[in-house]
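# Breakdown of the fold
Now for the letters of each chain:
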Amino acid sequence: MFALLFLLFLHIEFILNLNTLKKVKTALISVFYKTGMDEIVALLQQNGVQIYATGGTFDFVKQLDPTVKTIESLTGYPSILGGRVKTLHPKVFGGILGRTQLASDQKEMTQYEIPAFDLVIVDLYPFEETVASTNDEAQIIEKIDIGGISLIRAGAKNYNDVLIVPSREYYAELKRILENQHGETSLDDRRRFAGYAFAVSSHYDGAIYNWFSKDDTNRLMRISENTYTGLRYGENPHQKGVFYGHLEELFEKLHGKELSYNNLLDLDAGLNLIHEFDEPTFAILKHNNPCGLACRPTVKQAYLDALAGDPVSAYGGVLVCNRPIDLDTAEEINKLFVEVLVAPGYEPGVLDLLFSKKNRVILKLNDQKFNKQTVKTALNGFLVQDRDLHVENAGDFNTITQKAPTQQEIDDMVFANKIVKHSRSNAIVLAKGGQLVASGIGQTSRIDALKQAIEKAHSFGCDLQGAILASDAFFPFKDCVELAHKDGITAIVQPGGSVRDQESIDCCNENGISMVFTGFRHFRH
């Protein structure tokens with residue numbers, strides 16, 4: 001009995017599936033990029049599909065299928081206004097939007113001799129590529145597709161009858177459907193492609209809006225990304241995670257396990273940090289904060305001195321270098337468990353050594369292009385701000401104490417101020433001789449951040465005599481100056497701006513400490 005019921009169920013499911021299948025009889029093709037279209041045309045030809053095509057698409061298809069018809073043969077009108085108007089005609093859109101199960105639609109289509117389109121294939125003018133390649137407004141405007149975007153929306157709206165292919169990205173999937181289903185499409189296929197269509201059209205319109213509003217300070221937010229990478233999980237194993245964007249533009253993955261959500265956050269922090277330095281620099285990051293960084297004449301010494309700043313936190317960290325990795329440096333790195341190493345290159349023999357740890361991720365840096373704005377979810381919306389791109393140099397320092405800093409202290413101030421800018425607030429960085437000695441990060445008070453930094457420096461036997469202190473924000477009280485003096489710190493760089501600035505200045509003067517104000521705060525939360 002059970003077997004009979006099961007067979008009956010399968011029969012009913014088969015009949016339902018048959019009812020949703022629709023033979024492709026007539027297709028409209030209007031595409032900018034033709035690559036891959038030859039295989040689609042061949043399949044349509046095999047299945048006896050009548051093809052209509054526009055402009056350059058017609059010329060391409062004609063070489064493969066002599067029976068193809070021009071869209072002008074349907075509309076009775078030529079392409080006009082320099083090609084701006086080709087498909088915007090009732091005989092085209094009636095054929096796409098006509099509902100087969102609505103008698104009144106079918107009556108009108110018969111009356112006006114409108115053929116029903118079962119398949120519409122579109123590839124839009126490359127607007128984003130044009131914007132990226134030129135500033136010529138006339139060229140950009142002409143790459144705003146009007147007819148194509150209308151075809152996409154119409155086909156998607158009538159997915160009960162039409163399969164709309166909105167981009168060359170979906171040619172391969174269409175090819176599989178035509179091959180596996182012998183020129184027929186199912187309702188599930190058509191509905192799925194309708195979803196693709198609105199994803200393409202909304203992204204396209206968003207890009208156009210962003211171009212028009214690029215200089216508008218009160219612009220609306222339009223963020224759209226078609227490329228994504230599924231992650232093993234989010235910040236924690238019980239959270240799902242996805243990265244939206246083009247990682248391959250930034251780096252090439254040479255070895256190791258898949259990058260995690262936390263790896264990507266560390267890489268973002270590390271690459272933004274290392275971008276601040278021109279000289280050979282090595283940075284070690286943990287939980288988005290630099291725990292080691294040094295600038296040295298050689299990569300090996302930069303790595304060793306960066307590691308010396310906090311060898312405990314470096315375990316399981318992310319290593320970032322702005323120079324190719326040589327074999328001597330690689331041998332030192334291989335002694336430490338690291339999650340990720342990224343550098344612009346690797347000298348001969350280095351990768352063979354680094355690949356010895358199967359899970360260690362090795363990345364080759366391609367380019368460093370960062371978004372000009374940062375976006376975070378907050379409450380029931382988003383917070384958007386300009387990325388903090390300001391870098392203070394010696395010329396920006398305003399000495400406000402009786403004692404001026406030495407040239408070495410100024411160099412270390414510039415160095416440390418770059419690091420504190422990329423550390424979680426409240427943040428204090430202690431540096432000496434182009435090396436991060438210690439830092440206090442993510443504290444709820446500035447004095448606690450300094451205490452944390454000093455305690456860490458002492459724990460690793462670091463001598464703070466002659467070190468400089470960098471703060472991401474002003475001192476609300478003079479207590480940081482007092483504590484800094486007790487441990488031998490001789491110079492301070494901070495934004496200034498507190499109502500009690502004079503108390504800190506007086507304390508510096510009393511204790512022979514030089515202090516400069518930058519006028520720029522660098523909170524990072």
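Below is a summary of the structure that appears in this document.

Scoring rules and cut-offs
Residues numbered from 1 in each chain as written. Predicted model: local features only at pLDDT ≥ 70, side-chain atom pairs only at ≥ 80, totals over all residues. Heavy atoms only, no water. Helix = DSSP H or I, 4+ residues; strand = E, 2+ residues; numbered from the N terminus. Rg over C-alpha atoms; globule rule 2.2 N^0.38 Å. Buried < 20%, exposed > 50% of the residue type's maximum accessible area, 1.4 Å probe, protein only. Contact = heavy atoms within 4.5 Å. Lys, Arg positive; Asp, Glu negative; His and termini not counted. Charge placed at Lys NZ, Arg CZ, Asp CG, Glu CD. Phe/Tyr/Trp six-rings, centres within 6.5 Å; stacked < 30°, edge-to-face > 60°. Lys NZ or Arg CZ within 6 Å of the ring centre and 35° of its normal. Axes fitted to C-alpha atoms, helices over the stretch in contact; angles between N-to-C directions. Parallel < 35°, antiparallel > 145°, perpendicular 65-115°, else oblique. Nonpolar A, V, L, I, M, F, W, Y, C, P; charged D, E, K, R; others polar. Disulfide = S-S within 2.5 Å. Pairing = 2+ DSSP bridges. Salt bridge = Lys/Arg side-chain N within 4 Å of Asp/Glu carboxyl O.

### Considerations on the overall build of the chain
In terms of regular secondary structure, the chain is built from 20 helices and 23 strands. Taken over the C-alpha trace, the chain has a radius of gyration of 32 Å; the compact-globule value for 525 residues is 24 Å, which it surpasses by more than 25%. Here the C-alpha coordinates of the chain stretch approximately 100 × 60 × 50 Å along the principal axes. Taking all 525 residues of the chain together, the buried fraction comes to 46%. Nonlocal contacts in the chain, meaning residues at least 24 apart in sequence, comprise 56% of its contacts between residues at least 6 apart. For the chain, the distance from the average position of its 53 positive side-chain charges to the average position of its 66 negative side-chain charges is 5 Å.

### Digging into the packing of aromatic side chains
Following the criterion strictly, the structure yields 13 aromatic pairs and no others. Judged by centre distance (6.3 Å) and plane angle (65°), the ring pair of F127 and Y204 falls under edge-to-face. Here F127, found in helix 7 (residues 127-133), pairs with Y204, found in helix 11 (residues 187-212); they are 77 residues apart in sequence, far enough to count as distant. Overall, F127 belongs to the buried group, its relative accessible area being 2%. Judged by relative accessible area, Y204 falls into the buried class, the value being 8%. Counting every residue linked through ring pairs, the aromatic cluster contains F127, Y204, W211 and F212. Of note, R222 hangs over the ring of Y209, and the distance from its end group to the ring centre comes to 5.5 Å. Taking the ring centre of F277 as reference, the NZ or CZ of K418 above it sits at 4.9 Å.

### Notes on the packing of helix 10 (residues 171-180) against helix 11
The description of two helices packed together rests on the angle between their axes and the distance between the axes. The N-to-C vectors of helix 10 and helix 11 enclose an angle of 170°; their axes lie 13 Å apart at closest approach. What the angle tells us is that helix 10 and helix 11 run roughly antiparallel. Residues E173, L174 and I177 of helix 10 touch helix 11, and the partners they reach there are D189, R192, F193 and Y196. Residue composition of the contact of helix 10 with helix 11, by class: four nonpolar, no polar and three charged.

### Observations regarding the state of the cysteines
Covalently bonding the sulfur atom of one cysteine to the sulfur atom of another cysteine gives a disulfide. Per the stated rule, a full pass over the model turns up zero disulfides. Left without a disulfide partner, C480 is nearest to the cysteine sulfur of C507, which lies 10 Å away.

### Points about the pairing of strand 17 (residues 381-386)
Of all six residues making up strand 17, only zero are buried, and the element is barely covered by its neighbours. Here strand 16 (residues 373-378) runs beside strand 17; their pairing, made up of six bridges, is antiparallel. Bridge pairing in strand 17 links V375 to V384.

### Observations concerning the sheet that holds strand 12 (residues 289-295)
The sheet built from six strands is open, its strands ordered 10-15-14-13-11-12 with mixed pairing. Each edge of the open sheet carries a strand with a single partner, namely strand 10 (251-255) and strand 12. Averaged over all pairs of adjacent strands, the angle between strand axes in this sheet comes to 20°, irrespective of strand direction. Of the pairings in the sheet, the one linking strand 10 to strand 15 (residues 361-365) comprises four bridges and is antiparallel in character. Bridging across to strand 15, K253 finds its partner in L363. Relative to strand 11 (residues 281-286), helix 14 (residues 299-309) is tilted by about 30°, and along the sheet it contacts strand 11, strand 12 and strand 13 (317-321).

### Some details on the pattern of salt bridges
All told, the structure shown has 18 salt bridges when counted by the stated rule. What emerges from the salt-bridge pattern is a single network uniting D123, E129 and R168.

### A closer look at unusual backbone geometry
Look at the link from S425 to N426: it is a cis peptide, with omega at -10°. By the element assignment, N426 lies in the loop between helix 17 (407-421) and strand 19 (428-431). Positioned with a positive phi, H182 is a non-glycine residue whose angle comes to about 55°. With respect to the secondary-structure elements, H182 resides in the loop between helix 10 and strand 7 (184-185). H182 sits in the exposed class, given a relative accessible area of 56%. At H287, a position not held by glycine, the phi torsion is positive, near 50°.

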